[in-house]
Amino acid sequence: MTVQASNYVFSPATVQAGALVRLVFDANGLPGCSRTVTLPDYDITKTIVAGDETIEFTPSDAGPIAVACSMNMFTGTLMAE
Ligand SMILES: [Cu+2]
């Protein structure tokens, strides 16, 4: 996961519904409030810090998964299929 302009960019951007997903961040590459990452559909909010830079969750359904900072300034989408 990297931040480009005000977007979270995932590579790969497609994940498998029903399988554990681990998002790996780089705390040094997260400007300002983009460090606090939310997945509203999954009730996840996590502030990424050095040494604790992953978020794990299991997508329940196929479809887009919204990712945003806590103030919705940085946004991104993962696609589950
Ligand atoms: Cu923000």
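Above this text is the structure in question.
About the thresholds
- Residues numbered from 1 in each chain as written.
- Predicted model: local features only at pLDDT ≥ 70, side-chain atom pairs only at ≥ 80, totals over all residues.
- Helix = DSSP H or I, 4+ residues; strand = E, 2+ residues; numbered from the N terminus.
- Rg over C-alpha atoms; globule rule 2.2 N^0.38 Å.
- Buried ≥ 20, exposed ≤ 12 C-beta atoms within 10 Å, placed from the backbone.
- Contact = placed C-beta atoms within 7 Å.
- Pairing = 2+ DSSP bridges.

**Q** How should the overall build of the protein chain be read in this particular structure?
**A** In terms of regular secondary structure, the protein chain is built from zero helices and nine strands. The globule rule puts the C-alpha radius of gyration for 81 residues at 12 Å, and the 12 Å found for the protein chain is close to it. Along the first, second and third principal axes, the C-alpha set of the protein chain runs to 30 × 25 × 20 Å. When each of the 81 residues of the protein chain is scored for burial, the buried share is 21%. For the protein chain, restricting intrachain contacts to residue pairs at least 6 apart in sequence, the fraction spanning at least 24 positions comes to 61%.

**Q** Looking at this structure, I do not really get the pairing of strand S8 (residues 63–69). What am I missing?
**A** Two faces, one strand: in a regular strand the side chains alternate between the faces of the sheet. The pairing of strand S5 (residues 36–39) with S8 spans two bridges and is antiparallel. Counted as the bridge partner of threonine 38 is alanine 68 from S8. Summarising the sheet, S8 and strand S9 (residues 75–80) pair through six bridges and their orientation is antiparallel. Note on S9: the bridge partner recorded for isoleucine 65 is leucine 78.

**Q** I tried to follow the environment of phenylalanine 57 on my own but got confused; where do I start?
**A** Checked against the element boundaries, phenylalanine 57 lands in strand S7 (residues 54–57). Sequence separation between phenylalanine 57 and threonine 14 is 43 residues, and the spatial gap between their C-alpha atoms is 14 Å.

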